[in-house]
Amino acid sequence: MSETILIQQAAIEGGERADLLIDGGVIAEVGQGLHREGARVIDASNLIALPGLVDLHVHLREPGYEASETVLTGTRAAAAGGFTAVFAMPNTLPVADSAEVVERELDLGEVAGYATVQPIGAVTIGQQGQALADIDGMARSRAAVRVFSDDGFCVSDPLLMRQALERVAEFGGVVAQHAQDPRLTEGAQMNEGVVSAELGLAGWPAVAEESIIARDVLLAEHLGARLHVCHLSTAGSVDVVRWAKQRGVQVTAEVTPHHLLLTDELVRTGDPRYKVNPPLRRDEDVLAVRRGLADGTIDIVATDHAPHPAEAKTGEWSQAANGMVGLESALRVVHQTMIETGLLTWADVARVMSKAPARIGLLPGHGTPLEAGQPAEIVLYDPNAGAEFTVADLRGQSTNTPYGGRQLPGSVRWTIHRGYVTLADGELVELEDHA
C-alpha cells in the first residue's frame, strides 16, 4: 500500500529545506534536487515537515459507544490533524481491561488504516477501582500494552496505585493517572474560583488535582516506577511535577490544547462545549502550563479527544457530558499558543507532539527523526495559512469542538502514514481506493 513519494523543499522541523524521497514505507533519501521516475511529487516549498504526530490520550469509544466515535472515524480525524499514531483510552464497553479487548482495538486500527492505534489498558477491573486488571496479560498480548490508565476515573486508593506502579515497573511500563481526588470534587461543575462563586456552580478545586499528583510522585519515587500525569491543568500541578523531576522521579506529564488556550471565563456563556474534566482553569493556570511546557516540566501535548453525540453536549450545563474533540485542531492551537508567543520552536513542537509521546508510550516506528532509513510517518503543515475553525473542519463522528468560530493559524496539508498518503492537500484520502 506504500507509495513512492517525493516531497520537495520542505522545511525540516521548521529549519533548513530539503527533499524527502519515500519508498517502501521508509524515508529512502533526504537531500537536494532528488528525483525518482514515477514518484508522486508534493511541492512543500511553503510547508513545514514534522514527524507524524503522536497522541498519547484519545477516546475512540469503540467498542460500546459507537454513537460518539468509532476507531475508523476517530483515526480519520487523527489523520486530518496530522496524527499518525493514537493511544486509545480504555473507557469502552467492555472496558479494555483484558488481552481480548485490547487486541480487538488493535485490529480495528489496522483495518481502518489511517493511523496506528495503540491500546491503553485499564489499571483496575472495569475501571471500578477495586482490584487490579490483568496488566500482565495485556502486556503479553499482541497489543503489547505498555501504558495503563483508568482515565475518566482516578486510581484514588493509594494501595492499588502502589500495586499498579509495582506491576508495570516489572516490564518498564507506565501508569497514566487521571489526577482527581473524588471526595474533593463530588458534584463539581467547573473550576473552583471567582467565576464559580459568581455563577453559583459547585467548584472543582485545583488542590484535588495537585494532591493526587503529589502522592503519586512520592509513590513512584519510592518504587522506582514510571508515572505519567494526564491532562495537567493547574499552576500548582506544574510546581509539583517540577519539584519531582528535580528529585529524579520518573514522572512525565501532558497538557491539552484546550488548557493551553481556554479559561473558565468561557463558562459564563453557559455553553456546554466548554464543559470538560479537568475543567477550564484561570488565566494564571493557562500561563503556568504554557511556561511548564516551554521549560520541559510538562513533556507533551495530548488532546484528550473526547467525542460525544449532540444530545450529550446540549441543554443544561449541569446535565451535559464532559469532554471536547481535539484531534483536528491540536496542531493549530499549539501554533497559536506556543509558536506565535515565542515559547516553542517548530523543533520543540516535533518533540512535544511526536518524539516524546512515542518515547513515553514505548511506541516503535513513530516519533523518529526525518532522516534516511526512518519510517515514513510525516505531516506537512502550512504555517502561513489560517482561518476560522468550523464544524466543517471536523472529520470524526462528533462535533463537540470548543473552537467553533475561533480564528486559528496554520493548516495541516498532508499526512503520510507507513509511506502512504492519508491526507492530501487538506482532504482525507478514501483508503479503499488505494488498497
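Every value quoted in this text rests on a predicted model; they were computed, and no experiment measured them. (Residues numbered from 1 in each chain as written. Predicted model: local features only at pLDDT ≥ 70, side-chain atom pairs only at ≥ 80, totals over all residues. Heavy atoms only, no water.)

K.L.:
Explain the overall build of the chain to me, using residue names and the numbers behind them.
P.N.:
Each helix and strand in the chain was counted, giving 11 helices and 19 strands. The C-alpha atoms of the chain give 21 Å as radius of gyration, which agrees with the globular expectation for 435 residues (22 Å, within 12%). Along the first, second and third principal axes, the C-alpha set of the chain runs to 65 × 45 × 45 Å. Of all intrachain contacts in the chain linking residues separated by at least 6 positions in sequence, the fraction that spans at least 24 positions is 74%. When the accessible surface of the chain is summed, it comes to about 15600 Å², and 49% of that surface belongs to carbon and sulfur atoms. Taking the average place of the 33 positive charges on the side chains of the chain and the average place of its 59 negative ones, the gap between the two points comes to 3 Å. (Helix = DSSP H or I, 4+ residues; strand = E, 2+ residues; numbered from the N terminus. Rg over C-alpha atoms; globule rule 2.2 N^0.38 Å. Contact = heavy atoms within 4.5 Å. Areas by Shrake-Rupley, 256 points an atom, 1.4 Å probe, with all protein chains shown as cover. Lys, Arg positive; Asp, Glu negative; His and termini not counted. Charge placed at Lys NZ, Arg CZ, Asp CG, Glu CD.)

K.L.:
So, the pairing of strand S18 (residues 420-424): which residues are in play, and what are the values?
P.N.:
Of all five residues in S18, five are buried; the element is thus mostly enclosed. Judged from the three bridges that link them, strand S17 (residues 407-417) and S18 form a sheet pairing that is antiparallel. Its bridge partner being in S18, His417 is matched across the sheet by Tyr420. Hairpin connection from S17 to S18: two residues lie between these consecutive antiparallel strands, with Arg418 at a positive phi of about 55 degrees. Two strands pair when backbone bridges link them, and S18 and strand S19 (residues 427-428) are joined in this way by two bridges, in the antiparallel orientation. Bridge pairing in S19 places Ala424 opposite Glu427. Linking S18 to S19, which pair antiparallel, is a turn of two residues; within it Asp425 sits at a positive phi near 50 degrees. (Buried < 20%, exposed > 50% of the residue type's maximum accessible area, 1.4 Å probe, protein only. Pairing = 2+ DSSP bridges.)

K.L.:
Pulling in residues and values, what's your account of the packing of helix H6 (residues 206-223) against helix H7 (residues 235-246)?
P.N.:
Closest axis-to-axis distance for the H6/H7 pair is 9 Å, and the angle between their directions is 10 degrees. With respect to H7, the axis of H6 lies roughly parallel. On the side of H6, the interface is formed by Glu209, Glu210, Ile213, Ala214, Val217 and Leu218, while H7 contributes Gly236, Ser237, Val240, Val241, Trp243 and Ala244. Class assignment for the residues of the contact of H6 with H7 results in eight nonpolar, two polar and two charged. (Axes fitted to C-alpha atoms, helices over the stretch in contact; angles between N-to-C directions. Parallel < 35°, antiparallel > 145°, perpendicular 65-115°, else oblique. Nonpolar A, V, L, I, M, F, W, Y, C, P; charged D, E, K, R; others polar.)

K.L.:
Explain the pattern of salt bridges to me, using residue names and the numbers behind them.
P.N.:
Under the criterion given, the structure shown has 22 salt bridges. We note a salt bridge from Glu265 to Arg268, for which the minimum N-O separation is 2.6 Å. Arg282 is the partner of Glu284 in a salt bridge, and the nearest nitrogen-oxygen pair spans 3.6 Å. Classification of Glu284 as partly exposed rests on a relative accessible area of 43%. The structure contains a network of salt bridges with shared partners spanning Glu103, Asp107 and Arg142. (Salt bridge = Lys/Arg side-chain N within 4 Å of Asp/Glu carboxyl O.)

K.L.:
So what's going on with the packing of H7 against helix H9 (residues 283-295)? Residues and values would help.
P.N.:
Between H7 and H9, whose axes approach to 8 Å, the crossing angle comes to 25 degrees. Regarding the angle of H7 to H9, the classification is roughly parallel. Residue-level contacts link Ala235, Val238 and Arg242 of H7 to Asp285, Ala288, Val289, Gly292 and Asp295 of H9. Looking at the contact of H7 with H9, its residues break down into four nonpolar, one polar and three charged.

K.L.:
Tell me about the environment of Ser211, and please be specific about residues and values.
P.N.:
Mapped onto the elements, Ser211 comes out in helix H6. Residues Ser211 and Leu93, 118 residues apart in the sequence, show an inter-C-alpha distance of 30 Å. Ignoring anything within four residues of it in the chain, the contact list for Ser211 reads Asp181 and Leu184.

K.L.:
Tell me about the sheet that holds strand S6 (residues 53-58), and name the residues and values.
P.N.:
Strands pair in a sheet through their backbones, by hydrogen bonds, and they do so in one of two ways: parallel or antiparallel. Strands sit in the order S6-S7-S8 across an open sheet of three strands; the sheet is parallel. The open sheet is flanked by S6 and strand S8 (116-119), the only strands paired with a single partner. Across the sheet, the axes of successive neighbouring strands diverge by a mean angle of 20 degrees, strand direction being ignored. Note: S6 against strand S7 (residues 83-88), four bridges, orientation parallel.

K.L.:
Explain the side chain of Thr303 to me, and be specific about the residues and the numbers.
P.N.:
Along the polypeptide, Thr303 turns up in the loop between strand S15 (300-301) and helix H10 (330-339). Of note is the side chain of Thr303, whose polar atom sits 2.4 Å from the side chain of Asp55. Polar side-chain contacts of Thr303 include one of 3.5 Å to the backbone oxygen of His57. What Thr303 contacts, discounting residues up to four positions off in sequence, is Asp55, His57, Val58, Phe83, Thr256, Pro257, His258, Gly326, Leu327 and Ala330. (Polar contact = N/O pair within 3.5 Å; in protein donor to acceptor, adjacent residues only side chain to side chain.)

K.L.:
Break down the sheet that holds strand S13 (residues 227-229) for me, citing the residues and quoting the values.
P.N.:
Across the sheet, five strands lie side by side as S9-S10-S13-S14-S15; this open sheet has parallel pairing. Only two strands of the sheet have a single partner each, and these edge strands are strand S9 (147-148) and S15. As judged from the two bridges shared by S9 and strand S10 (residues 174-177), these two strands associate in the parallel manner. Of the residues in S10, the one forming a bridge with Val147 is Val174.

K.L.:
I'd love a proper account of the environment of Ala320, names of residues and values included.
P.N.:
Mapped onto the elements of the fold, Ala320 is located in the loop between S15 and H10. The class of Ala320 is buried, set by a relative accessible area of 7%. Taking the C-alpha atoms as reference points, Ala320 and Arg142, separated by 178 residues in sequence, lie 37 Å from one another. With residues up to four places along the chain from it excluded, the contact list for Ala320 reads Pro272, Lys275 and Ala312.

K.L.:
An account of the UniProt feature "binding site: Zn(2+) 2" (unreviewed entry) in the chain is requested, with residue identities and associated values reported.
P.N.:
In the numbering adopted here, UniProt assigns the feature "binding site: Zn(2+) 2" (unreviewed entry) to Asp151, His178 and His231. On the basis of their most widely separated C-alpha atoms, the annotated residues across 81 residues gather in one place, lying no more than 9.9 Å apart. Here His178 shows up in the loop between S10 and strand S11 (190-191). Setting aside residues up to four positions removed in sequence, His178 forms contacts with Asp151, Gly152, Phe153, Cys154, Cys230, His231 and Asn277. In this structure the side chain of His178 is engaged in a polar contact, spanning 2.7 Å, whose partner is the side chain of Gln180. Locating His231 in the fold gives a position in the loop between S13 and H7. (UniProt positions renumbered as here; feature names shortened; annotations may be inferred.)

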